[in-house]
Amino acid sequence: MDRRSFRSFHGPWIRSRRSPRVYERVKSIDTTVAHPLRRFFATRVRRDRRTPSKPSGVGVGTTGYSRWIPSLSRGRNACASLGQGRGVVSMAPGNTWSCGLDEDGELGHDTSRTRDKKGTMACPKPRKVRMGDLEFQQLRAGHAHVVGVERHTGRARVFGQGLPANMGVMLDVDVPIQQVSCGYAHAALIGKDALARAFGSDEFGQCATDGKDHALGPEAIDGDAKLMHAKVMNGMEHVRASQVACGHFHTLVATADGTVLACGQDVRTGGQGQDSMQGICRVEGLWGIYPICIAAGEGFSAAISSQGDLFTWGRNRHGQLGHGEGTSQGSSQISPSQETSQGSESRPSLPQTMQTDPNALGGLEHGVVHRAKGRVNQRMLETMLEMGIEKASAEEALEQTGSLGVEMALEWLYAGERSGRTAVEEAASRSNRSIVPFSQVASPQQGSSPLDHVPRLVFGARRATWVQCGGSHTAFLTDEGRAFTFGLGRHGQLGHGITANVFSPREVALLSNHFVVDVACGMHHTVFLTSEKRIFTCGSGEFGQLAHEDMQDKLIPVEVCTSHFQKDGEDDVVAISAVAAGSYCTFFLSGEDQRSNGIEIDRNAVLEGVHQAVRLWQASQGTRGKLELEASIDFLFGSAASLMKVFGNFGSYDIDAEVLNSCYKGLLATLDENVVGCLQKSTTRLCREMELHQILLNSPERAGILFCLMLNPLVAEPKLMFLPRICRIVSSISRATKAALVYLWSHSCPADILATRIVRPLRRYITACLESDPRAGEEVIRAISVLGIVEEANQSRALDSDSSNLRALPVEEFYNDLISERFDAFQDYVHWRRGQELTATTRGGASVPFTFCAYPFLLDSAAKSRVLHAEAHIQQQQSVHQARIEQVFGALVGMQRAPGSVASLQQKSTRQQSGTSSSRTRTEPQRPADRGFFESLRGIWGPSVQAQPMEVDEPESADQEQEDASERLDRTQSIEHPQPHLCGVPGEHPDLCILRVRRDHLVEDALDELARQHPNDLFKPLRVHFIGEEGVDAGGVRKEFFQLVLQVLFRTEYDLFTFYPESRMFWFNPASLESKEVYMLVGLIIGIAVYNRVILDVHFPSALYKKLLGVPVGLPELKELDPTVGKSLESLLHYEGPGSIEETFCLSFAIERTAYGETHNIDLKPGGSQIPVTKGNREEYVNLYVEEVLDRGVTEKFDAFAKGFLLLIGGGGALHIFRPQEVERLVCGTPHLDFKALERAAKYEGYSGSENVIKWLWNTVNSYTIEDQKHFLKFLSGSDRAPIGGLLKLPILIQRAGSDTNRLPTAHTCFNTLLLPQYNSEEKLKDRLTVAIQNAVGFGLQ
């Protein structure tokens, strides 16, 4: 770059060495503002070096941040970079080399400086830095000054800036210096006392001292003491600082508890205005983020969180923030005047049309896409509309984020949820409020972009450990040694081989095969150091700062020759251990890696400090002990950032819940009121901070704060009222943060902690609120919504995880007894369904009333069954009403009901299937009538099996029907009892669905009766009549009917299901020759039983109920069905030798299946029998094996079964509030039989509970075996299964049936009533009762 272009690019005011009395003004740049250091420049002859165009930014090469990379983020001690003068380096004397611009002696060369051909004092070849015999522990470079900290004394010296080149000037700080940072004309430091001090120019408040423009030259030296003064920053007298970072005209300070403070020119907006800040304030946008690294560039800043996330804020003209907006304060393109001024020999200019129109290249220049705010990507818009987001909101979010991605638009959108202002406006307003009592903050500059002054997460910057800010570019490293850059690329400083700007993090491709351990950024150049001690530089080389003698710009990283780094008088090459960069110079350092970073936060040290403070207080009970106790507890539990640092983990959002919980328990175990009081104060402070920064909690990286707070035992205390405040916050956070909470509760929280600290306190709080006010108010609704997030996390927990701590809590843990017992199931269901319909019709725009059905995890199985029965009751009423209308209006108009009977279909199907028979051998062959019915069901229920009328074929002629009926009568006629249609009991009723069956032809009659039903009749209440018996079905008859039918259908001779003896469960037989209509019949029978509140004795694995609800199944479900096979597959997955898997297991991707005496091989994938199972593909084999047994091999049969099962109970939506285990209880009842509970539930008529005969009865029942107890329960209620909720929910009545007699006890199973004579002895009662329960068959007198 020639001098003309150098001045043109670098601002309005350039002090020319050739013309020292004149300032040159460039017309193309605004010159209304004089340079802030004009007075300083006027005092002496200045070098020909750039000065900023306006005094707002933070200068590159100006910050002296001591690089702090904790062990959790880097895993080792690495010598830090000065990068922009911000490196932390340790070196032996004479082990430092430097190159670049050396006009004021900042390179530390002891020889006389010479000018190059352009008149600048450039040194392209690295030379040793010599400062006498001093050995520096740290070295920082500012724009024209350098600060070094002596290794042994900790004293600081300043050199450069025209100061004495041999020894420099000492700082008058009386404590050892631990960290130093340099700005453009100021510096800040942290002493061993953890106080932040500053010296130099404070014209814009960057030193937070007196607001005066102090020079750093010889005039700043105290003439008597020969010292340079440094003062404690205002407002920091009692604040412990851990990090400092100086920019051009502002300073960042990180405190020990993670708070980031800022002072100086325009620190909030990052704009180019003149407003300055004479005090220090808190960077509100970083609340809850613990910085492990802070950095500053020219007008922008960066911070890395303890989780490895990168946040940036400030100027973004060239994309240096990495947010992708591209332009926020002007064009990020190189202007035509700038491009032309560079000269065609180095950077050929673009065609004039493309210079004036940035979009002439279609938004693409040098491979970088430039998106302008205001353009909406239609594909992204459609994606957001499909997610249910309103079009106006989606368009606004995409417009504000430049259509850079749906995720960024969602983040912007969620940040503004439940706020009258946009998220940016809200965050901006909060960032202007100082929470700690620091100096008054000036108002933001008008006209600056609000997207710039709020710290925002940089997407694509995960696991970052170190960040550097250049003039208008940023570089950061990850823990994997990868280097990323973004921002201004005009000089090639990004290392991507282009000169265009890059707006999002992009990895430096040339270094992808290297492990980069250090990076330093100058004004327009970047330096990289790899683990092999190789150095690469790129960017501007005009002043020799790239260590290449050609002094040319490099668009990609070029390796530096190591021959420059030799010991004095020796030929040995010294290995470089750290690199550093000033604005236009570079430093190379060798020696042992050592650093001093002020206060370093370590988890063990912090926890030990808390426990030590507790012990000190308990031992002394003095004032000092109490102060130490309050400070230590408040430091940890009153600071959101400290919680995230101490209990968080690098590279993820996980929280160590066990360590946090043990810490809480340790404090409460002291039983000390002062300890608990300190913890309460800290919790109150944290809650208040969260309420003030609620808008920031919409970012998912802060979800851990809520997680930590909710594990606090004090939150569960009702009197402290923490829980309502937390629920108010959690219920209003964004979906992204809720998803992060779900992740934390499912992956970081052990089951016992989740139950005791979160689930049970929320449940008790909800109960307490409802007991005081039965109406569900706002507080109850918020608490329920929070519990809903916890329940969602519980669902995602692994049921059979390798770690028992991460097992899922049982669904009973979330049940609320008060709600389950008292809520009106019918009304709640009606409102719930109306709300669903309203949501569907208005696309979520209407307000939906609150219902408990929307939060089904609160309801126990009994309450959910009431909801299902309420739905069934509504369907029954609708079916009965429709049937009555058809009966009345059909009689008036002389019309008959269109036959819904499937008898004709049965006959038609039978004729079509004549001649077809099964080739398998059965103990009891299936009758043609059975086959006819099974085949007749084909096509009756189409793809949509709801409550609508079924499609049936036209009925055949009456003659044909009579002929077929006669054939059927001859085939199945019973000598004792007539067939159903000849029994004299009407087959149709407008209010009932009637089934007439004979016991000795139970399956045939049941199938024929179901086949003749009109589809709508199935939705009516069911009544079963056993032909030839006197029993009237009031509930007990149909219970026995279903039990008997299913006992027959599950027999092995029917071959529908395979029985697994080890688990005693049934599963679909993949080799069955029955059609899918048979399985639909079985599902229909079970569905009708559930619809009519009948508990069945069926034994299916949990896989069936999970598949019915769409829940995935896997190896745990197969292990439940077939334990031996499941354990074998688990051993295959965990086998590590001896021997290979091929030799040990000898498996291929095929399984054997035996059917009707023949064995067949089934390939799990094409050619599977030829593919051996190895260590590399064993997981695939196990997955395919499970899929074949539980899914793919039985898909057709299960789908048919599900269609029948869901026909009556799957259309209304009530079934979907059940969990799989609850559906199992709905079908099978409660497996555990607690007869003590049955005794408590019993009522008596003619007896009292204290009479001897009652005591004898329960003694007898309790002395029975399990089988006899089941016989007793079946004798009493018609079923040997307990209803949902256990036997306590089974109301029974024991009625006196006369005095002593030899008659047997009897029972009314419909009403659960036992007729018990008053026997005169316990032995007689036991004998008579045992005979009765073991010989009870049928109804009425036999």
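Reference entry: report on the structure contained in this document.

**A look at the overall build of the protein**
In step 1: Counting its secondary structure elements, the protein contains 39 helices and 43 strands.
In step 2: Of all 1342 residues assigned to the protein, the portion counted as buried reaches 57%.
In step 3: Nonlocal contacts in the protein, meaning residues at least 24 apart in sequence, comprise 66% of its contacts between residues at least 6 apart.
In step 4: Within the structure as shown, the protein displays about 54600 Å² of accessible surface, and the carbon and sulfur contribution to it stands at 50%.

**Examining unusual backbone geometry**
In step 1: Even without glycine at this site, alanine 547 takes up a positive phi of about 65 degrees.
In step 2: Turning to its location among the elements, alanine 547 is positioned in the loop between strand 30 (535–539) and strand 31 (554–559).
In step 3: Overall, alanine 547 belongs to the buried group, its relative accessible area being 4%.
In step 4: Backbone geometry places arginine 1064, a non-glycine residue, at a positive phi of 55 degrees.
In step 5: Tracing the sequence through the fold places arginine 1064 in the loop between strand 36 (1057–1060) and strand 37 (1065–1068).
In step 6: Classification of arginine 1064 as exposed rests on a relative accessible area of 58%.

**With respect to the sheet that holds strand 40 (residues 1243–1245)**
Whenever strands of a sheet pair, they do so through backbone hydrogen bonds, lying parallel or antiparallel.
In step 1: Within the open sheet, the 4 strands sit side by side as 40-41-43-42. Their pairing is mixed. Every interior strand has two partners, whereas the edge strands, strand 40 and strand 42 (1306–1308), have only one. When the angles between neighbouring strand axes are averaged without regard to direction, this sheet yields 25 degrees.
In step 2: Taken together, the 3 bridges between strand 42 and strand 43 (residues 1313–1316) define a ladder with antiparallel strand orientation.

**Comments concerning the environment of leucine 697**
In step 1: Structurally, leucine 697 can be placed in the loop between helix 14 (673–692) and helix 15 (703–710).
In step 2: Using a relative accessible area of 0% as the deciding quantity, one classes leucine 697 as buried.
In step 3: When the C-alpha atoms of leucine 697 and valine 730 are compared, they prove to be 8.8 Å apart, with 33 residues separating the residues in sequence.
In step 4: Beyond its immediate sequence surroundings of up to four residues, leucine 697 is in contact with Trp287, Met690, Arg702, Leu706, Ile729, Ile733 and Thr737.

**Looking at the packing of aromatic side chains**
In step 1: Applying the stated criterion across every chain, the model contains 33 aromatic pairs.
In step 2: Aromatic pair phenylalanine 1019 and tyrosine 1091: ring centres 6.2 Å apart, planes at 90 degrees, arrangement edge-to-face. With phenylalanine 1019 in the loop between helix 26 (1002–1012) and strand 35 (1022–1026) and tyrosine 1091 in helix 28 (residues 1076–1091), this pair connects stretches of sequence that are 72 residues apart.
In step 3: According to the relative accessible area criterion, phenylalanine 1019 is buried, its value standing at 2%.

**Here we look at the packing of helix 16 (residues 722–730) against helix 19 (residues 778–796)**
In step 1: As a packed pair, helix 16 and helix 19 sit with axes 9 Å apart at the nearest point and diverge in direction by 70 degrees. Considering the angle they form, helix 16 stands roughly perpendicular to helix 19. Helix-helix and strand crossings are classified by hand; for helix 16 and helix 19 the assignment is left-handed. Residues Cys727, Arg728 and Val730 of helix 16 form the contact with helix 19, whose participating residues are Arg782, Ala783, Val786 and Ile789.
In step 2: Within the contact of helix 16 with helix 19, the residues separate by chemical class into 5 nonpolar, no polar and 2 charged.

**Remarks on a nonpolar patch on the surface**
In step 1: There is a patch of nonpolar side chains on the surface, built from Leu510, Leu555 and Ile556 and spanning about 230 Å² of accessible area.
In step 2: With respect to the helices and strands, leucine 510 occurs in the loop between strand 27 (502–507) and strand 28 (516–521).

**Some points on the side chain of arginine 1178**
In step 1: Relative to the elements of secondary structure, arginine 1178 occurs in helix 33 (residues 1178–1190).
In step 2: At a separation of 3.1 Å, a polar atom in the side chain of arginine 1178 contacts the main-chain carbonyl oxygen of leucine 1132.
In step 3: Among the polar contacts listed, one links the side chain of arginine 1178 to the backbone oxygen of leucine 1133, at a separation of 3.3 Å.
In step 4: Once residues lying within four places of it in the same chain are set aside, the contact partners of arginine 1178 are Leu1132, Leu1133, His1134, Tyr1135, Glu1136, Ile1141 and Val1173.

**Details of the sheet that holds strand 20 (residues 310–314)**
In step 1: Across the sheet, 4 strands lie side by side as 18-19-20-23; this open sheet has antiparallel pairing. Both edges of this open sheet fall to strand 18 (291–296) and strand 23 (456–457), since each of them pairs with a single strand only.
In step 2: Relative to strand 20, strand 19 (residues 300–305) runs antiparallel, the two sharing 5 bridges. Counterpart to phenylalanine 300 in the pairing with strand 20 is glycine 314.

**Points about the nonpolar core**
In step 1: By size, the foremost hydrophobic cluster in this structure holds 181 residues, and its most contacted members are Phe637, Trp745, Phe1041, Phe1100 and Tyr1181.
In step 2: Of the residues forming this core, the biggest block, 12 residues, is contributed by helix 28.
In step 3: Here phenylalanine 1100 is in contact with Phe1050, Phe1057, Met1065, Phe1066, Ile1086, Tyr1105, Phe1201 and Glu1224, once residues within four sequence places are set aside.
In step 4: Counting residues in each nonpolar core, the second largest holds 33 residues, with Ala302, Leu310, Val502 and Phe528 among its members.

**Focus on the packing of helix 37 (residues 1252–1263) against helix 39 (residues 1322–1334)**
In step 1: Contact geometry for helix 37 and helix 39: axes closest at 9 Å, N-to-C directions at 55 degrees. When the interaxial angle is binned, helix 37 and helix 39 end up oblique. Between helix 37 and helix 39 lies a crossing of right-handed hand. Contacts from Val1253, Trp1256, Leu1257, Asn1259, Thr1260 and Ser1263 of helix 37 reach helix 39 at Glu1322, Leu1325, Lys1326 and Leu1329.
In step 2: Considering only residue class, the contact of helix 37 with helix 39 consists of 5 nonpolar, 3 polar and 2 charged.

**Some points on the pattern of salt bridges**
In step 1: On inspection of all chains with the given rule, the structure shows 33 salt bridges.
In step 2: Residues lysine 1324 and aspartate 1300 are paired through a salt bridge, measuring 3.0 Å at the closest nitrogen-oxygen approach. With lysine 1324 in helix 39 and aspartate 1300 in the loop between strand 41 (1293–1296) and strand 42, this residue pair connects regions lying 24 residues apart in the sequence.
In step 3: The exposure class assigned to aspartate 1300 is partly exposed, which follows from its relative accessible area of 32%.
In step 4: Among the ionic contacts, a cluster of salt bridges with common partners joins Glu480, Arg482 and Glu507.

**Things to note about helix 13 (residues 657–668)**
In step 1: With 12 residues, helix 13 extends 16 Å from end C-alpha to end C-alpha; this agrees with the ideal 16 Å at 1.5 Å per step.
In step 2: Listing the buried residues of helix 13 in full gives Ala657, Leu660, Asn661, Cys663, Tyr664 and Leu667. For helix 13, the angular spread of buried residues about the axis comes to 155 degrees, placing them on one side.
In step 3: In this structure, the buried residues of helix 13 make contact with helix 10 (603–620), helix 11 (623–637), helix 12 (640–647), helix 14, helix 15 and helix 18 (751–772).

Scoring rules and cut-offs
- Residues numbered from 1 in each chain as written.
- Predicted model: local features only at pLDDT ≥ 70, side-chain atom pairs only at ≥ 80, totals over all residues.
- Heavy atoms only, no water.
- Helix = DSSP H or I, 4+ residues; strand = E, 2+ residues; numbered from the N terminus.
- Buried < 20%, exposed > 50% of the residue type's maximum accessible area, 1.4 Å probe, protein only.
- Contact = heavy atoms within 4.5 Å.
- Areas by Shrake-Rupley, 256 points an atom, 1.4 Å probe, with all protein chains shown as cover.
- Pairing = 2+ DSSP bridges.
- Axes fitted to C-alpha atoms, helices over the stretch in contact; angles between N-to-C directions.
- Phe/Tyr/Trp six-rings, centres within 6.5 Å; stacked < 30°, edge-to-face > 60°.
- Parallel < 35°, antiparallel > 145°, perpendicular 65-115°, else oblique.
- Left-handed = near helix turned anticlockwise from the far one by under 90°.
- Nonpolar A, V, L, I, M, F, W, Y, C, P; charged D, E, K, R; others polar.
- Patch = residues over 30% accessible without salt bridge, like charges linked within 9 Å, V, L, I, M, F, W, Y side chains within 5 Å.
- Salt bridge = Lys/Arg side-chain N within 4 Å of Asp/Glu carboxyl O.
- Polar contact = N/O pair within 3.5 Å; in protein donor to acceptor, adjacent residues only side chain to side chain.
- Core = buried A, V, L, I, M, F, W, Y, C linked by side-chain atoms within 4.5 Å.
- Expected span 1.5 Å × (residues − 1).
- Arc of directions from axis to C-beta.

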